[in-house]
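Commentary on secondary and tertiary structure
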Amino acid sequence: MGLLSIIRKIKRKEKEMRILMVGLDNSGKTTIVLKINGEDTSVISPTLGFNIKTMTYDKYTLNIWDVGGQKTIRSYWRNYFEQTDGLVWVVDSSDLRRLDDCKFELDNLLKEERLSGASLLVFANKQDIQGALSPNEIAKVLNLDAMDKTRHWRIVGCSAYTGEGLLEGFDWLVQDIASRIYVLD
Amino acid sequence: MNDHTDENSTDPTTQRKHAAMIDRLSNLHQARLSTKTNSKDPTFESTQSFLTLFTNSKQSIESSLTQIQQTPNPDPNSDLEKISNSISDLEKLVAENSYFLPPYEVRSSLKTISDLKQTLDSVTSKVKPRKKFSFKNKPAKKPESESKPESESKPEPESQSNYKITDSPGFRGKENAILTKEFTGLEIREFVLSDLTNCEVKLKGCFRTLFINRVQNCKIYVGPVSGSILIEEVEGCLFVLASHQIRIHDAKGCDFYLQCRSRPIIERSFGVRFGPYRLYYDGIETDLKESNLYDDTGNWANVDDFQWLRAVQSPNWSILPENERIDTIKI
């Protein structure tokens, strides 16, 4: 009976999931979280530090950690890795110039051992903008197919502005985590 | 064996464990010692010691710069990177100490740093062909003859880069020009301003998102941007911008006149000043109202500096004194 199984038991009772939202600055992480929680998205300052949102989704309680993406604070991301069930990587699909940066940071993140068990949802955000790359193109640029075969992952196009695609993404993420953690259901 | 540590000396296993433990403890001690010296506060509040440190680093950077030029066939990448790192360290040093330095010293050290950067740039272009991805029409002069055939015959091994060829609309690689664009109707568009020097840019009408990078000595007037604006590597510019979110990275000596729904942020920037939005063109009021940017939030003065997380005012930015602000610009 290790600590991990005790934690799992507690979690199972409360049906809790811990979800970490990361991505470059200006990708729309905070907007996604607020939008999915039905809050006002018209005044959002760039995140200095992090926000935590707890919300009920289906029969689960999601603890969403939305961590600022500015370059100076990216090094603090690792402080949030512990016990992450789901990882949401948000991409600004209209920011073509920084896709290299985006790939670099994601690759680094996926090397992290503490995140190795987490399901990965990639949001190709800002699909409502005309010049945005499609989710397929983003997947190719980020080379997602080359990822470790054991990783559960999916890419979903979305717009935090209109709300399109957000539920589809979270549905998949929550189901995927549930099927891994709450095996007894 | 169930009793006390003194008896351990006879048992080889515990002895080994004991030795390992001593080893661990001393390692830990060493680690603590070294972090102690490292974590010394870099601000030492003495102009003299700052100047000494500054001059020393400056000289070492200069000498490595000349060295790299003289060495006939070096492997330049790591050296250049090292130099660029030490320059940014120097920059950080100035920023961290600028709150007590006399204004003259701050200005002259910033000047020194920008000179160093320029030298580094020219040295870089001399000793190595440009490798990183960049938009094609950047004004390239000297290295063109030697680097062109290489870069065209085999593009960088980053195979995915073919997706970047579908460039966003924008103005790129212009000098001494007046660039105008009017957005009409419901264009949900991104727009790019990159590699501009000595230009005047006028963007009228609403659009969705704006990326600005590598712009020098330009005047940039922009109507309401309903999404966000991302600015990187700008120097000596005047910006008049309205947007929901504004992020400013690597800006030097620029004035920003903003209307912003949220708090503008700066990162790795210094010598930037802020004032309220001052722009007029026929129909701007309707455009501002449509983009939800008509009401003055006063946020232009609430700048967050991501490299200055202290209660006191960041030395990297300031509010433009009223007598130095521009009048409303009509475009």
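Residues numbered from 1 in each chain as written. Chains lettered and ligands numbered in written order. Predicted model: local features only at pLDDT ≥ 70, side-chain atom pairs only at ≥ 80, totals over all residues. Heavy atoms only, no water.

**Considering the packing of helix H2 (residues 29-36) of chain A against helix H6 (residues 166-181) of chain A**
Residue and element names in this part refer to chain A.
- As a packed pair, H2 and H6 sit with axes 11 Å apart at the nearest point and diverge in direction by 85 degrees. One finds that H2 runs roughly perpendicular with respect to H6. Together, Ile32, Lys35 and Ile36 of H2 and Leu166, Leu167 and Phe170 of H6 make up the contact between the two elements.
- Of the residues that constitute the contact of H2 with H6, the class distribution is five nonpolar, no polar and one charged. (Axes fitted to C-alpha atoms, helices over the stretch in contact; angles between N-to-C directions. Helix = DSSP H or I, 4+ residues; strand = E, 2+ residues; numbered from the N terminus. Parallel < 35°, antiparallel > 145°, perpendicular 65-115°, else oblique. Contact = heavy atoms within 4.5 Å. Nonpolar A, V, L, I, M, F, W, Y, C, P; charged D, E, K, R; others polar.)

**Observations concerning the nonpolar core**
- Ranked by internal contacts, the top residues of the largest apolar core, which has 37 residues, are B:Leu193, B:Leu203, B:Leu210, B:Ile231, B:Phe239, B:Phe256 and B:Phe274.
- If you list the elements that add at least two residues to this core, you get strand S3 (190-197), strand S4 (200-204), strand S5 (209-216), strand S6 (219-235), strand S7 (238-252), strand S8 (255-260) and strand S10 (272-276) of chain B.
- At six residues, S6(B) tops the list of elements feeding residues into this core.
- Not counting chain neighbours up to four residues away, the residues in contact with B:Leu203 comprise B:Phe171, B:Lys181, B:Phe183, B:Phe191, B:Leu193, B:Leu210, B:Tyr221, B:Val222, B:Gly223 and B:Ile331.
- Counting residues in hydrophobic clusters, the runner-up holds 30 residues, among them A:Leu87, A:Cys102, A:Leu133 and A:Ile155. (Core = buried A, V, L, I, M, F, W, Y, C linked by side-chain atoms within 4.5 Å. Buried < 20%, exposed > 50% of the residue type's maximum accessible area, 1.4 Å probe, protein only.)

**Digging into the UniProt feature "binding site: Mg(2+)" (unreviewed entry) in chain A**
- UniProt marks A:Thr30 and A:Thr47 with the feature "binding site: Mg(2+)" (unreviewed entry), using the numbering shown here. These annotated residues cover 18 residues of sequence, and their C-alpha atoms lie no more than 7.6 Å from one another, placing them together at a single site.
- Within the fold, A:Thr30 resides in helix H2.
- On the basis of relative accessibility, which here comes to 12%, the residue A:Thr30 falls in the buried class.
- Among residues more than four places away in sequence, those in contact with A:Thr30 are A:Ile44, A:Thr47, A:Asn51 and A:Asp66.
- Among the polar contacts listed, one links the side chain of A:Thr30 to the side chain of A:Thr47, at a separation of 2.8 Å.
- What A:Thr47 contacts, discounting residues up to four positions off in sequence, is A:Thr30, A:Asp66, A:Gly68, A:Ile73 and B:Phe306. (UniProt positions renumbered as here; feature names shortened; annotations may be inferred. Polar contact = N/O pair within 3.5 Å; in protein donor to acceptor, adjacent residues only side chain to side chain.)

**Considerations on the interface of chain B and chain A**
- At the junction of the two partners, chain B supplies 34 residues and chain A supplies 32 residues.
- Buried surface at the junction of chain B and chain A, both sides included, amounts to about 3,100 Å², of which 52% is carbon and sulfur.
- Here chain B and chain A share three salt bridges between them.
- With a shortest N-O distance of 2.3 Å, B:Arg208 and A:Asp128 are connected by a salt bridge.
- Counting every contact that joins chain B to chain A gives 14 residue pairs in polar contact (both at pLDDT 80 or more).
- Here the side of chain B that touches chain A gets four residues from one element, more than from any other, and that element is S7(B).
- Of the residues contributing to the side of chain B that touches chain A, the split by class is nine nonpolar, eleven polar and 14 charged. (Buried area = accessible area lost by both parts, 1.4 Å probe. Salt bridge = Lys/Arg side-chain N within 4 Å of Asp/Glu carboxyl O.)

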